[in-house]
Structures are given as C-alpha cells and as structure tokens.
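Below are the chains, spelled out letter by letter.
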Amino acid sequence: MTFHGLLITALLGPELARWKAAGHAPVFWWRDDDARRPSPALDRLLELSRRFGAPITLAAVPDGDLPALAQVCASTPGVELAIHGFRHENRAPAGQPSGEVNDQDSLEGVAAEVEAAIAVFARAGVEAELFVPPWNNAHPTLDAALVRHGLVVSRYGELRAPGAAPPRIDAHLDVMRWKPTARFRGARRFLLRARRLLVERRVRGLWDDPIGLLTHHLDHDEASWTFLEAFLARFTPVSRRGL
Ligand SMILES: [Zn+2]
C-alpha cells in the first residue's frame, strides 16, 4: 500500500468502521473546475476517471472551446459537463466577496447570461443541468436566474437542503489550497477534514448526504495528483446525476 493509502487507513479507518457497523458507506461525488479546452492535464484527469471507474462532473467556462472539450470528454464514461459561470470574471465591488453577479445586476440581465451559457453548451451537444458559480458566488439574483432556467447549483461546504431553490449539491473536500499560491492541501489536512465531514453525517444520521471531492486539474502539482490517485484507489465516487 502507498504512503497515502496507509495514511487514509490510519486517519479514516476507525470512523469508516463505525459506518460499516451501522450498515452504511459514505457517498462521494467528484467535481473538477475551470476547464476551458482540452489539455494534457485534462487527459491525465480523464485517465484517472477511467482507471478507477470514477465519474467526473467537469465545470467548464462557456467562453472556452466547448465543442472540443465535449468531444474529448465523450471518450470517458460518466463525464458530466457543468456550466462554470459566464466568463469566470470577478465583477464584485472592492471589498466584496469575489463573484460574477453583484447588486447592480438585474434578474433579466443575469437570466440572459445563464440562457446564453446554456445555449453555448447546447451547441456543443451538451444539455447542462448544473451551474457552478466561480468563487462560490452566492448572490440571490444568480439563484433566482438559476431557478428560472431549472438548473441545480453547486458551491462549497454545505449539507444538502431538501426543498432548496435552486436545488444544491456542494463540493466539500478540496485537494488544493490556494493562499498564498495554489498547491496540494496536504494529506493530513485533507483527511482530517474528510473525517469531520464523515462524523457530521454519522452523528446527524445523514448517511446518504454526499461528500463532494473537488479538484482543479490545471492547477495540480505532482503531490495533488499522487494523493488524488490514492484517494480514488480507496473510494469510488458516484455520478452527480444519480444524487
Ligand atoms: Zn473556477
């Protein structure tokens, strides 16, 4: 077993044993962000997906080359393309959290942006179901526009909230850390967060509340790839579409 495999067993084993004793297994799904076009890093990501039978939801920015991206992804079973914002452009006023939608935007304007993004995906042969706002932008105008177009939203860190509008399914476990520069989060840090997420679900009896693995293939250093491989060797994410 690899070093990371041993660490997974050491840090998550006792908690996973409690799940098993209760007759449950955690549900993971996998989101990767920031795709715009095919790349060697995307090939590497898709190879991992195929090798481990792990479906990916790939959040792609509509201003990229969607037809080429869709074509490459078609070679891997279970890849879902999700809409990752409009242009991945931070339009927040100074001092506000980053995001593409702000208080000055009208619902009509934002709904038109969402509609245009859906159309870009449709022209590439993709019927988009999920919207992933860059920077986890949680503006109510954006949410209203997503509801109008019947899209599900994915941000970061929350449990599912039945009846929420729009319906929401988050990512929770980021392989990377971002400040001061993008790099691997660290196996210990990642696994301790994973353990907290597992404990939270077990204690609340939310056994089927999915945990979202989050990757950014264009930003991975070698340590991120190595750990991701060890994680996928141990846990097989399910398709977002089935959740
Ligand atoms: Zn992004």
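For the structure itself, look to the data block above.
Residues numbered from 1 in each chain as written. Predicted model: local features only at pLDDT ≥ 70, side-chain atom pairs only at ≥ 80, totals over all residues. Heavy atoms only, no water.

J.: Residue-level account of the overall build of the protein, with values.
T.: Helix and strand counts for the protein come out as seven helices and nine strands. Taking 243 residues into account, the globule formula puts the C-alpha radius of gyration at 18 Å, and the protein, at 18 Å, falls close to it. Considering only intrachain contacts with a sequence separation of at least 6, the fraction spanning at least 24 residues in the protein is 68%. Accessible surface for the protein amounts to roughly 11,200 Å². Of this, 53% is attributable to carbon and sulfur atoms. Side-chain charges of the protein comprise 30 positive and 29 negative groups, with the mean position of each set lying 8 Å from the other. (Helix = DSSP H or I, 4+ residues; strand = E, 2+ residues; numbered from the N terminus. Rg over C-alpha atoms; globule rule 2.2 N^0.38 Å. Contact = heavy atoms within 4.5 Å. Areas by Shrake-Rupley, 256 points an atom, 1.4 Å probe, with all protein chains shown as cover. Lys, Arg positive; Asp, Glu negative; His and termini not counted. Charge placed at Lys NZ, Arg CZ, Asp CG, Glu CD.)

J.: Outline the coordination of the zinc ion, listing residues and values.
T.: Coordination of the zinc ion by the protein is provided by Asp34 (OD), His84 (NE2) and His88 (NE2), with metal-donor distances spanning 2.0 to 2.1 Å. Mapping the donors of the zinc ion onto the primary sequence gives the spacing D-x49-H-x3-H. With Asp34 in strand E1 (residues 28-35) and His84 in the loop between strand E3 (80-83) and helix H4 (107-123), this pair connects stretches of sequence that are 50 residues apart. Residue classification places Asp34 among the buried positions, given a relative accessible area of 18%. (Donors = N, O, S within 2.8 Å, 3.2 Å for Na, K, Ca; no water. Buried < 20%, exposed > 50% of the residue type's maximum accessible area, 1.4 Å probe, protein only.)

J.: Give me the lowdown on the packing of helix H1 (residues 3-21) against helix H7 (residues 222-234), citing residues and values where you can.
T.: Orientation of H1 relative to H7, taken along the N-to-C sense of each, is 45°, at an axis distance of 10 Å. Taken together, the axes of H1 and H7 lie oblique to each other. The handedness of the crossing between H1 and H7 comes out as right-handed. Touching His4, Gly5, Ile8, Thr9 and Leu16 of H1 are Thr226, Phe227, Ala230, Phe231 and Arg234, all from H7. (Axes fitted to C-alpha atoms, helices over the stretch in contact; angles between N-to-C directions. Parallel < 35°, antiparallel > 145°, perpendicular 65-115°, else oblique. Left-handed = near helix turned anticlockwise from the far one by under 90°.)

J.: Outline unusual backbone geometry, supporting the account with residue identities and numerical values.
T.: Cis rather than trans, the peptide bond between Ala165 and Pro166 has omega equal to -5°. By secondary structure assignment, the location of Pro166 is in the loop between strand E5 (152-153) and strand E6 (173-174). The omega torsion of the bond from Lys179 to Pro180 falls at 0°, within 30 degrees of zero and hence cis. By secondary structure assignment, the location of Pro180 is in the loop between strand E7 (176-177) and strand E8 (183-184). Here Trp135, not a glycine, exhibits a phi torsion of approximately 60°, which is positive. For Trp135, a relative accessible area of 38% corresponds to the partly exposed category.

J.: With reference to specific residues and values, describe the pattern of salt bridges.
T.: Applying the stated criterion across every chain yields a total of 17 salt bridges. Between Glu15 and Arg202 there is a salt bridge; the shortest N-O distance is 2.7 Å. Residue Glu15 is located in helix H1, and its partner Arg202 is located in helix H6 (residues 187-204); the two are separated by 187 residues in the primary sequence. Taking relative accessible area as the criterion, Arg202 reaches 23% and is therefore assigned partly exposed. Glu47 is paired through a salt bridge with Arg51; the nearest N and O atoms lie 3.0 Å apart. (Salt bridge = Lys/Arg side-chain N within 4 Å of Asp/Glu carboxyl O.)

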